Amino acid sequence: DGYGYLYVADAGTSNIVRINTESGNQAATLSLTGLSPGLSSPQGLGIDDADNLYVADAGNNRIVEINLHTNAATVMPISGITLSNPAAVTVNAAGGLTIADTGNKRLVELPVSGSPYPVTLTGATLATPAGIMLLPTGDLLVSDTVAGLVQVTRSASSLTFLTPTLVGSIDTTDGDLALNVENTGTYLLTVAGSGFPSISNSAFFGDTTGTCPNTTN
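Calculation criteria
- Residues numbered from 1 in each chain as written.
- Predicted model: local features only at pLDDT ≥ 70, side-chain atom pairs only at ≥ 80, totals over all residues.
- Heavy atoms only, no water.
- Pairing = 2+ DSSP bridges.
- Helix = DSSP H or I, 4+ residues; strand = E, 2+ residues; numbered from the N terminus.
- Axes fitted to C-alpha atoms, helices over the stretch in contact; angles between N-to-C directions.
- Salt bridge = Lys/Arg side-chain N within 4 Å of Asp/Glu carboxyl O.
- Buried < 20%, exposed > 50% of the residue type's maximum accessible area, 1.4 Å probe, protein only.
- pLDDT = per-residue confidence, 0-100.
- Contact = heavy atoms within 4.5 Å.

1. As for the sheet that holds strand β1 (residues 5-10)
Here's step 1: Taken together, the three strands give an open sheet; going across it, the order is β1-β2-β3, and neighbouring strands pair in antiparallel fashion. Each edge of the sheet is formed by a strand with only one pairing partner; in this case those strands are β1 and β3 (26-29). Pairs of neighbouring strands in the sheet enclose a mean axial angle of 25°, with direction left out of account.
Here's step 2: Pairing of β1 with strand β2 (residues 15-20), which is carried by six bridges, proceeds in the antiparallel orientation. Bridging across to β2, tyrosine 7 finds its partner in arginine 18.

Have a look at this one:
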């Protein structure tokens with residue numbers, strides 16, 4: 001966050017751990033209030049500019065919002081949509097949430113205003129979406145640990161995907177945002193092209209066991 005803290009979803013203990021990266025990496029478990037039942041196997045995390053942390057609470061099939069100033073936790077209302085084992089959540093360019101609804105093999109958009117809806121993909125079918133990363137351009141990268149796909153979204157407003165890039169191939173159809181995906185799992189993944197942030201070991205590229213590969217930019 002803006003104060004130098006790193007947050008980790010500890011699925012094994014069903015806790016959120018805060019690490020002070022500016023003070024010797026001291027770690028402490030967040031003591032959440034107002035949440036019943038508590039977290040169960042939390043997976044991906046997202047944070048907004050107001051220091052609200054969003055948790056993909058996979059074991060409870062829900063998204064939890066935590067106010068990091070008070071540690072008050074609430075369940076995000078997602079009317080008309082039933083999540084199944086959500087593995088990732090990110091705050092998108094429009095200020096809403098994009099959720100990897102892993103058990104339902106889809107992405108779900110939760111806009112700032114309006115009703116939540118499944119994202120319609122063009123040219124790809126997800127099998128197990130497990131990670132989402134927001135790029136500076138407003139586009140999204142989505143990892144699918146079973147299908148081995150990395151997909152690029154060019155339009156954050158419509159959230160439609162262009163051609164997927166298969167493992168072992170290089171994407172030349174989507175312009176300079178080309179992805180050369182050498183492997184998944186614990187191997188090297190190389191991201192080439194302009195507009196990409198530096199990527200280190202991250203849950204975005206994690207597999208179902210939580211192992212994260214090394215990446216280069």
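The structure having been displayed, the exposition proceeds.
2. Here we look at the pattern of salt bridges
Between side chains of opposite charge, a pair can form when the charged atoms approach closely.
Here's step 1: As enumerated under the stated definition, the model contains two salt bridges in all.
Here's step 2: Here aspartate 57 and arginine 62 are joined by a salt bridge, their closest N and O atoms 2.6 Å apart. Across this residue pair, the class does not change: aspartate 57 and arginine 62 are buried.
Here's step 3: The partner of aspartate 101 in a salt bridge is arginine 106, with the nearest N and O atoms 2.7 Å apart.
Here's step 4: Note on arginine 106: relative accessible area 21%, which makes it partly exposed.

3. Re the confidence of the model for the chain
Here's step 1: Overall, the prediction assigns the chain a mean pLDDT of 75, with 68% of residues at 70 or greater.
Here's step 2: Confidence drops under pLDDT 50 across residues 154-217; counting only partners more than four residues distant or on other chains, this segment forms 141 contacts.

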